[in-house]
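# Structure assessment
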Amino acid sequence: MPIKKRDFWIAQSTKRFSFFSAYELQNEIGRGPNSIVYKCQRKGLDLFWSVKILTKNINKQVPLANAVVLLKLDHKNLVRLQEIFETRTRIYVVQELITGEGLFERITNPNSPAYTEGVISKAVRDVVNGLKYLHFCDYVVKNLKPENLLYANPSSEAPLKIADFAMSTIVGPEVHLSSLCKFPSFTAPEIMKGSPCGKPGDLWALGVITFILLFGVEPFAYEDPLLLFKNVIKGQYEFPSRGEEDISTGAKDFLRKILVVEPAKRLTIEAAYRNCWVNSVTCKHAVLDNVVLNIIDYNNRRRQQLYQPPLPISTIHSDDNPHYILLVEPAPERTEEEVRESNIELTPEQDAEDPEKPGEVGEETSDVNMFKEDPGQLSPPVLA
């Protein structure tokens, strides 16, 4: 069945009144290549949330997303989704307000406790708990990566939470392709070969993150994209010789079981949940200062990579089983400023020139009225 152009992308989003009629927008928390995140407060209540704002490509053909499961998910290791607002041009994802640092930011914070395998296994255990709950609910993250792992608050006992797991449902295959283009080493071999992204793909991404936590480098770090893809597909990696003696046999055994090319032979989430190393039984207690230095370097390179052009990957076909081609011609490099300037800004005046249309799922709230309560113009990048 052909996919239609839709005014609204999400069946369960609120459309009859605007985000700004229910929430007061506050300071910007952060922004990524495809969104801007703000702190917000529910009007009339002492309740604070965060809102991720995405600008839609109104000419895009999309299937109608079903977020009914997402809105019911509730686990201590997940950033809870509160509600979704939608206009014809924007999506507002209201979710739990996180005040803690990202996983790698906490590791590299000089005031953090000594960095040992115990710290690593605790972080991995939190992610495993979150994935176990999601997989039990028959939900696949599809874009698990370090940026999406956040501590709930600044406390040293705060749980680590998986964020943005809803994006693969809200904006569909673009999350999957974006992760593949930007950070291919987190993408499982079977996905690169054209298979749909399933639960084993989340375990592969967890394995890559664990490898970085243990050694401070990616298992498939190659400047040549062709070589990177080749080694991911073959599952070819080596433990760094420097510092390997400080890493326990249990940790390396966990990596060997999870970074397995064949999905059916890869460690399952249930096995990861029971793994002795994940439960801190077989951890070594050496302080891994050299790994922290490696992670600092890795963080710096990764921040630069966020504003570099994605790998030139083309989708052969865009149904439920896409295939990807790594193109030979690289995209031109761009600075962070050029990336920001290239983002399409949608102002109230532009909205006024684009008349409202009734949507298929409900009536739309005008973006012009929405901006009457907006303290500042919002210009997140457009979802291609």
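All figures in this text were calculated on a predicted structure; none of them were measured in a lab. (Residues numbered from 1 in each chain as written. Predicted model: local features only at pLDDT ≥ 70, side-chain atom pairs only at ≥ 80, totals over all residues. Heavy atoms only, no water.)

Across its full length, the chain carries 14 helices and nine strands. Taking all 384 residues of the chain together, the buried fraction comes to 50%. For the chain, the share of sequence-separated contacts (at least 6 apart) that also reach a separation of at least 24 residues comes to 72%. Accessible area of the chain: about 18,400 Å², with a carbon and sulfur share of 52%. (Helix = DSSP H or I, 4+ residues; strand = E, 2+ residues; numbered from the N terminus. Buried < 20%, exposed > 50% of the residue type's maximum accessible area, 1.4 Å probe, protein only. Contact = heavy atoms within 4.5 Å. Areas by Shrake-Rupley, 256 points an atom, 1.4 Å probe, with all protein chains shown as cover.)

Moving on: the environment of L259. Relative to the helices and strands, L259 is located in the loop between α9 (249-258) and α10 (269-274). By relative accessible area, L259 is classed as buried at 4%. A sequence separation of 70 residues divides L259 from P189, and the C-alpha atoms of the two residues are 9.8 Å apart. Contacts of L259, omitting those with residues within four sequence positions, involve W204, G207, V208, F211, P219 and Y237.

Take α9 next. Here α9 has its buried residues at G250, A251, K252, F254, L255 and I258. For α9, the secondary structure elements touched by its buried residues are α3 (117-136), α7 (199-215) and α10.

The subject of this paragraph is the sheet that holds strand β1 (residues 23-32). Ordered in space as β1-β2-β3-β5-β4, the five strands form an open sheet in which the pairing is antiparallel. What marks the edges here is a single partner per strand, and that holds for β1 and β4 (81-86). Shown here is a sheet whose adjacent strand axes are inclined to one another by a mean of 25°, direction ignored. Inspection of the sheet shows strand β2 (residues 35-42) paired to strand β3 (residues 48-55) by six bridges, in the antiparallel sense. What sits directly across from C40, in β3, is W49. (Pairing = 2+ DSSP bridges. Axes fitted to C-alpha atoms, helices over the stretch in contact; angles between N-to-C directions.)

Before going further, it helps to examine the environment of G207. Turning to its location among the elements, G207 is positioned in helix α7. Since its relative accessible area comes to 0%, G207 is described here as buried. In this structure the C-alpha to C-alpha distance between G207 and L267, which are 60 residues apart in sequence, comes to 9.6 Å. With residues near it in sequence (within four places) discarded, G207 still touches L255, I258 and L259.

This next bit is on the confidence of the model for the chain. Residues of the chain with pLDDT of at least 70 account for 70%, and the chain-wide mean is 77. Per-residue pLDDT stays below 50 along residues 173-181; that stretch engages in 26 contacts with residues further than four places along the chain or on separate chains. Confidence drops under a pLDDT of 50 for residues 310-332, and excluding neighbours within four residues, the segment shows 49 contacts in the predicted structure. (pLDDT = per-residue confidence, 0-100.)

Right, let's get into unusual backbone geometry. A positive phi angle, near 60°, is found at D138, a position not held by glycine. As for its position among the elements, D138 is in the loop between α3 and β6 (149-151). A positive phi angle, close to 65°, is found at D164, a residue other than glycine. Accessibility expressed as a relative area gives 16% for D164, which makes it buried.

Let us now look at the packing of α7 against α9. At a minimum axis separation of 9 Å, α7 and α9 run at an interaxial angle of 150°. On the basis of the axis angle, α7 is roughly antiparallel to α9. Once α7 is placed against α9, the crossing between them reads as left-handed. Taking contact as the criterion, the partners of L203, W204, L206, G207, T210, F211, L214 and F215 in α7 are, on α9, A251, F254, L255 and I258. Tallied by class, the residues present in the contact of α7 with α9 amount to ten nonpolar, two polar and no charged. (Parallel < 35°, antiparallel > 145°, perpendicular 65-115°, else oblique. Left-handed = near helix turned anticlockwise from the far one by under 90°. Nonpolar A, V, L, I, M, F, W, Y, C, P; charged D, E, K, R; others polar.)

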